[in-house]
Amino acid sequence: MIPAPFDYHRAGTLDEAIGLLARYKADARLLAGGMSLLPMLKLRLASFGHLVDISRIAELEYIKEDKGAVRIGAGTRQATLERSELIKSRFGVLADAVPLIADPLVRNRGTIGGNVANGDPANDHPAIMIALGAELVARGPKGERSIPANRFYKDLFVTDLKADEILVELRIPVPPPRSGSAYRKLKRKTGDYAVAGVAVQLTLDAKGAVERCSIGLTNVAPTPLEAAEAAKMLVGKVPDEKSILEAATAAAKAARPSVDRRGSVEYKREMTRVLCTRALKAALERAGRS
């Protein structure tokens, strides 16, 4: 339970942090909340020669609405998201998910950027960002670039971030009227990762048909998944029990879970179907009220 030796660097600015990453490259790792990184270091599942602490860079902590998007600084704590009235009013999926992340101690320290950038398919925010159509803003020595959330994850713990880049902001489009979103998650106990989780965002037209829909899946593949074909099955339809079941079944088929102590492949796929059904119904109810 003792990490391998490393040098600790506390960055006072983003430019300083980027400079340290550029200097030490693959031997450096960012430390924000540390809720994922520190256990990995203690168990010697990972080892880095340099830790760059960005937890005190104030410019990374904010939630604001601007030009049709809600912009969230990557250093924003989970607890701050949980208390935000802007988040609660705009994104039911986040209001559902954040209180289910680990426990209050972790939410007080953990950041949304760390959760998204870690590349862990068991984290909740990646699938949610995919469902919400978020843009992830990375900054490096060559400036900023924007990466769609559904193109960000490449493999288990592998993302599109370069070694000298930092995820600095998440930009989530403000949903149009008659939109709703929801997150449904199954876990064995408080603090555990999900057996499976499903994030849904949809918009209804004036006749009650689904105009757009997106579905993100948590912890049922080596990366967070977008169940794009399942979502397409609802577009243009006024949802009923049959169409919801068909879409949820398609989402379960898209899942690629592995066997572990949380369950078998068949069990996790079935839970994906159940959770997708529940998330779709909740999102539809919210869209009907908006």
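Residues numbered from 1 in each chain as written. Predicted model: local features only at pLDDT ≥ 70, side-chain atom pairs only at ≥ 80, totals over all residues. Heavy atoms only, no water.

### Describing the overall build of the protein
Then, in step 1: In terms of helices and strands, the protein carries 11 helices and 14 strands.
Then, in step 2: If you line up the protein on its principal axes, its C-alpha atoms span 60 × 45 × 30 Å.
Then, in step 3: Across the 290 residues that make up the protein, the buried fraction comes to 52%.
Then, in step 4: Across the protein, the fraction of contacts at a sequence separation of at least 24, relative to all contacts at a separation of at least 6, is 63%.
Then, in step 5: Accessible surface computed for the protein: about 13,400 Å², of which carbon and sulfur atoms make up 52%.
Then, in step 6: Computed over 45 positive and 34 negative side-chain charges, the inter-centroid distance for the protein is 2 Å. (Helix = DSSP H or I, 4+ residues; strand = E, 2+ residues; numbered from the N terminus. Buried < 20%, exposed > 50% of the residue type's maximum accessible area, 1.4 Å probe, protein only. Contact = heavy atoms within 4.5 Å. Areas by Shrake-Rupley, 256 points an atom, 1.4 Å probe, with all protein chains shown as cover. Lys, Arg positive; Asp, Glu negative; His and termini not counted. Charge placed at Lys NZ, Arg CZ, Asp CG, Glu CD.)

### With respect to the packing of aromatic side chains
Then, in step 1: Under the criterion given, the structure shown has 1 aromatic pair.
Then, in step 2: Centre to centre, the rings of Phe152 and Tyr153 are 5.0 Å apart; their planes meet at 85°, and the pair counts as edge-to-face. The same class applies to Phe152 and to Tyr153, which are both buried.
Then, in step 3: Looking at Lys64, its charged tip hangs above the ring of Tyr62, at a distance of 4.8 Å from the centre. (Phe/Tyr/Trp six-rings, centres within 6.5 Å; stacked < 30°, edge-to-face > 60°. Lys NZ or Arg CZ within 6 Å of the ring centre and 35° of its normal.)

### Section: the packing of helix α10 (residues 241-254) against helix α11 (residues 265-289)
Then, in step 1: The geometry of α10 relative to α11 is characterised by a closest axis approach of 8 Å and an angle of 135° between their N-to-C directions. Taken together, α10 and α11 sit at an angle that is classed as oblique. Regarding α10 and α11, the two cross each other, and that crossing is right-handed. When α10 is examined against α11, the residues Glu241, Ile244, Leu245, Ala247, Ala248, Thr249, Ala251, Ala252 and Lys253 are found in contact with a partner set consisting of Arg269, Thr272, Arg273, Cys276, Thr277, Leu280, Lys281 and Leu284.
Then, in step 2: In terms of residue class, the contact of α10 with α11 is built from 9 nonpolar, 3 polar and 5 charged. (Axes fitted to C-alpha atoms, helices over the stretch in contact; angles between N-to-C directions. Parallel < 35°, antiparallel > 145°, perpendicular 65-115°, else oblique. Left-handed = near helix turned anticlockwise from the far one by under 90°. Nonpolar A, V, L, I, M, F, W, Y, C, P; charged D, E, K, R; others polar.)

### A short note on helix α8 (residues 125-132)
Then, in step 1: Of all 8 residues in α8, 8 are buried, a share of seventy percent or more.
Then, in step 2: Those residues of α8 not exposed but buried are His125, Pro126, Ala127, Ile128, Met129, Ile130, Ala131 and Leu132.
Then, in step 3: Phi for Gly133, located one or two positions after α8, is positive at around 65°.

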